[in-house]
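# Observations on the three-dimensional arrangement
Here is what each chain is made of, one letter per residue.
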Amino acid sequence: MSDVVTAEAAVAAPAGEEAPVLWMEKVERRYAEAGAPLEILKGADFAIWPGETVALIAPSGTGKSTLLHLAGLLEAPDGGEVYISGQATSKLADKERTRIRRLEIGFVYQFHHLLPEFSALENVILPQMIRGLTYKEAKDRASELLTYLGLGERQTHRPAEMSGGEQQRVAIARAVANAPRLLLADEPTGNLDPKTADHVFSALGQLVRASRLAAVVATHNMDLAGRMDRRVTIRDGLIVEL
Ligand code: ADP
Ligand code: MG
């Protein structure tokens, strides 16, 4: 485990914390284009600790989704390293990256991507059963989470029978069903009216604080970003604190 870093090697640790949940060290990402390659990240540094919420605010096309894909181990960087709970990931086999992703990371997207044929409850049960929990265990946790998110009365509804805000809250419940340490949300309220966005955002914040998750949320909504612990942007391929 020579690739495991200590907090000292990363950034100053908050009291009591051993390692950042996510540490991106000098991360590079470029896409091949006819002519010059498109340089999206040029050595970006970023760390987030348990219980922290960080808003990622940057114009379209600057690399927010790219950053979240790298953080979520869906893509590997062209340079630098991505550490999850202190473990370097870029040289791991796909199988091991998938295992870390399943155990430690939850995703919420702009569009909910719930399974249309299944109820809210079933959508939250499924990832837990894939992880190996019994139906009963998975159902109890799903029900608890949905109730916590204010959806106690909507558990048997299918996605099409719920509002946009309700669908997104189910997507949040699904993302945290396996108790990840890191939640990555890509414009999760981008598709909602302001009042609903506010409601979904509050639910997300409450859940993050209660469970000591770390959450990175890409958003264009400055009001919502203002309620998070920190705000960062992407400037010239680097991550900059706002
Ligand atoms: P954001 O989420 O901030 O809108 P993205 O991370 O989606 O930005 O994209 C950043 C830039 O990289 C954009 O210019 C986009 O067109 C480009 N890009 C993203 N994915 C690819 C890809 N697979 N191939 C080539 N270019 C890409
Ligand atoms: Mg995007």
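Fair warning: this is a prediction, and the values are worked out from it, not measured in the lab. All chains use their own residue numbering, which begins from 1 and follows the written sequence. Chain labels run from A onward and ligand labels from 1 onward, assigned in the order the entries are written. Reporting in this predicted model follows two pLDDT cut-offs: at least 70 for local features of residues, and 80 or more for side-chain atom pairs to be given and counted; totals over whole chains, interfaces and linings ignore these cut-offs and use all residues. Side-chain descriptors were evaluated using all non-hydrogen atoms of the structure, hydrogens and water having been removed beforehand.

## Looking at the overall build of the protein
Here is the rule: What counts as a helix is a DSSP run of H or I of at least four residues, what counts as a strand is a run of E of at least two, and both are numbered from the N terminus. As defined in this context, the radius of gyration uses C-alpha atoms, and a globule is described by 2.2 Å times the residue total to the power 0.38. Partly exposed describes any residue whose relative accessible area lies between the buried limit of under 20% and the exposed limit of over 50%, with all areas from a 1.4 Å probe on protein chains only and scaled to the type maximum. Note on contacts: a residue pair is in contact if any heavy atoms of the two residues lie within 4.5 Å. The protein chains shown are the only cover counted for residues, whose accessible areas, like all others here, come from Shrake-Rupley with a 1.4 Å probe. For the charge count, each Lys or Arg is scored as positive and each Asp or Glu as negative, with His and the chain ends excluded. Charge coordinates come from a single atom per side chain, which is NZ of Lys, CZ of Arg, CG of Asp or CD of Glu.
A tally of regular secondary structure across the protein gives eight helices and 10 strands. Here the C-alpha atoms of the protein give a radius of gyration of 18 Å, agreeing with the 18 Å that 2.2 N^0.38 yields for 242 residues. Classification of the 242 residues of the protein by burial places 49% in the buried group. Of the contacts formed within the protein by residues at least 6 apart in sequence, a portion of 70% connects residues at least 24 apart. Summing over all exposed atoms, the protein offers an accessible surface of approximately 11,700 Å²; the carbon and sulfur share of this is 52%. With 27 positive and 32 negative side-chain charges, the protein shows a spacing of 2 Å between the two charge centroids.

## Examining the packing of helix α4 (residues 120-131) against helix α6 (residues 164-176)
Selection criterion: Between N-to-C directions, angles cover 0 to 180 degrees, with each direction set by a line fitted to C-alpha atoms, over the stretch in contact for helices. Orientation is classified from the angle alone, with under 35 degrees giving roughly parallel, over 145 giving roughly antiparallel, 65 to 115 giving roughly perpendicular, and any other angle giving oblique. The crossing is said to be left-handed when, going from far helix to near helix, the turn is anticlockwise and less than a right angle, and right-handed when the turn is clockwise. Only Asp, Glu, Lys and Arg are considered charged, only Ala, Val, Leu, Ile, Met, Phe, Trp, Tyr, Cys and Pro nonpolar, and every remaining residue, Gly among them, polar.
Contact geometry for α4 and α6: axes closest at 8 Å, N-to-C directions at 20°. Between α4 and α6, the crossing angle belongs to the class labelled roughly parallel. Taken as a pair, α4 and α6 cross one another with a handedness that is right-handed. Where α4 approaches α6, its residues Ala-120, Asn-123, Val-124 and Pro-127 are matched on the opposing element by Val-170, Ala-173 and Arg-174. Across the contact of α4 with α6, the residue classes tally to five nonpolar, one polar and one charged.

## Let's talk about unusual backbone geometry
Positioned with a positive phi, Leu-73 is a non-glycine residue whose angle comes to about 60°. Within the secondary structure, Leu-73 sits in the loop between α2 (64-71) and β4 (79-84).

## Description of the site of ligand 1
We count it as follows: Any residue with at least one heavy atom within 4 Å of a molecule or strand is counted as near it. For the purposes of these results, a polar contact is taken to be a pair of N or O atoms within 3.5 Å, where, inside protein, one atom must be able to donate a hydrogen and its partner to accept one; residues adjacent in sequence count only when each atom of the pair is a side-chain atom.
Around ligand 1, the neighbouring residues are Tyr-31, Leu-38, Ile-40, Pro-59, Ser-60, Gly-61, Thr-62, Gly-63, Lys-64, Ser-65 and Thr-66. In this structure, Tyr-31 approaches ligand 1 through a side-chain N or O atom, which is 3.5 Å from a nitrogen atom. A distance of 3.4 Å separates an oxygen atom of ligand 1 from a polar atom in the backbone of Thr-62. Alone, ligand 1 offers 570 Å² of accessible surface; in the complex the protein occludes 60% of this. At the level of elements, β2 (38-48) and α2 are the ones that each hand at least two residues to the shell around ligand 1. Of the residues forming the shell around ligand 1, the biggest block, three residues, is contributed by α2. For the shell around ligand 1, the residue count by class is four nonpolar, six polar and one charged.

## Concerning the pattern of salt bridges
Formally: Salt-bridge detection follows one rule: a side-chain nitrogen of Lys or Arg within 4 Å of a carboxyl oxygen of Asp or Glu.
One pass over the structure, following the stated rule, counts 11 salt bridges. The closest approach of N and O atoms between Arg-230 and Glu-241, which form a salt bridge, is 2.6 Å. In this pair, Arg-230 sits in strand β9 (residues 230-235) while Glu-241 sits in strand β10 (residues 238-241), placing the two residues 11 residues apart along the sequence. Among the ionic contacts, a cluster of salt bridges with common partners joins Glu-28, Arg-30 and Glu-39.

## Re the UniProt feature "domain: ABC transporter" (unreviewed entry) in the protein
Our working definition: UniProt positions are given in the numbering used here, feature names are shortened, and annotations may be inferred rather than shown by experiment.
The residues that UniProt annotates with the feature "domain: ABC transporter" (unreviewed entry) are residues 22-242. Counted over residues 22-242, helix gives 36% and strand 26%. Its end C-alpha atoms are 19 Å apart.

## Here we look at helix α3 (residues 94-104)
As a reminder, the rule being used: The arc in question is formed by the directions pointing from the helix axis toward the C-beta atoms.
For α3, the set of buried residues is Arg-97, Ile-100 and Arg-101. The arc that holds every buried residue of α3, seen down its axis, measures 100°, which confines them to one face. Facing away from the buried side of α3, by more than 90 degrees, are the exposed residues Lys-95 and Arg-102. On its buried face, α3 sits against β4, β5 (87-88) and β6 (105-108).

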